[in-house]
Amino acid sequence: MFHRKPLEERIAERQAKLPPLKEGKHFEHGPAKFVFVSLLVAVALMHFVGLAVVMHFYS
């Protein structure tokens, strides 16, 4: 539209400009990393709280 390149070509050009990723040192999507880590922390906290409650009532 209006003499612009298709979206796929623009994305491919932008990705071609990026440096190569180092093995095991990247997480491509920052917000996804935040959500992933937040969920891990939340699940761990829920397990510890649940364990504390069970230990309190059954000790």
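What counts and how
- Residues numbered from 1 in each chain as written.
- Predicted model: local features only at pLDDT ≥ 70, side-chain atom pairs only at ≥ 80, totals over all residues.
- Heavy atoms only, no water.
- Helix = DSSP H or I, 4+ residues; strand = E, 2+ residues; numbered from the N terminus.
- Rg over C-alpha atoms; globule rule 2.2 N^0.38 Å.
- Buried < 20%, exposed > 50% of the residue type's maximum accessible area, 1.4 Å probe, protein only.
- Areas by Shrake-Rupley, 256 points an atom, 1.4 Å probe, with all protein chains shown as cover.
- Lys, Arg positive; Asp, Glu negative; His and termini not counted.
- Charge placed at Lys NZ, Arg CZ, Asp CG, Glu CD.
- UniProt positions renumbered as here; feature names shortened; annotations may be inferred.
- Salt bridge = Lys/Arg side-chain N within 4 Å of Asp/Glu carboxyl O.
- Patch = residues over 30% accessible without salt bridge, like charges linked within 9 Å, V, L, I, M, F, W, Y side chains within 5 Å.
- Polar contact = N/O pair within 3.5 Å; in protein donor to acceptor, adjacent residues only side chain to side chain.

### Points about the overall build of the protein chain
Logical step 1: Scanning the protein chain from N- to C-terminus turns up two helices and zero strands.
Logical step 2: A globule of 59 residues ought to have a C-alpha radius of gyration of about 10 Å, yet the protein chain, at 22 Å, is considerably larger.
Logical step 3: Here the protein chain holds 59 residues, and the buried ones make up 0% of them.
Logical step 4: In the form shown here, the protein chain has an accessible surface area of approximately 6,200 Å², with 70% of it arising from carbon and sulfur atoms.
Logical step 5: For the protein chain, the distance from the average position of its 8 positive side-chain charges to the average position of its 5 negative side-chain charges is 8 Å.

### Considerations on the UniProt feature "transmembrane region" (unreviewed entry) in the protein chain
Logical step 1: When the UniProt feature table is mapped onto this chain, "transmembrane region" (unreviewed entry) is found at residues 34-58.
Logical step 2: Along residues 34-58 one finds 96% helix and 0% strand; the C-alpha atoms at either end are 36 Å apart.

### Here's the deal with the pattern of salt bridges
Logical step 1: Tallied over the full model, the rule gives one salt bridge.
Logical step 2: Residues Glu13 and Lys5 are paired through a salt bridge, measuring 2.5 Å at the closest nitrogen-oxygen approach.
Logical step 3: The class of Glu13 is partly exposed, set by a relative accessible area of 36%.
Logical step 4: Since its relative accessible area comes to 42%, Lys5 is described here as partly exposed.

### Some words on a nonpolar patch on the surface
Logical step 1: Together, Phe36, Val37, Leu40, Val41 and Leu45 make up a nonpolar patch on the protein surface, roughly 460 Å² of accessible area in all.
Logical step 2: Take Leu45: it is sitting in helix H2 (residues 30-57).

### Some remarks on the environment of Ser38
Logical step 1: The residue Ser38 is located in helix H2 in this model.
Logical step 2: In this structure Ser38 comes out as partly exposed when scored by relative accessible area, which is 32%.
Logical step 3: At a separation of 2.7 Å, a polar atom in the side chain of Ser38 contacts the main-chain carbonyl oxygen of Phe34.

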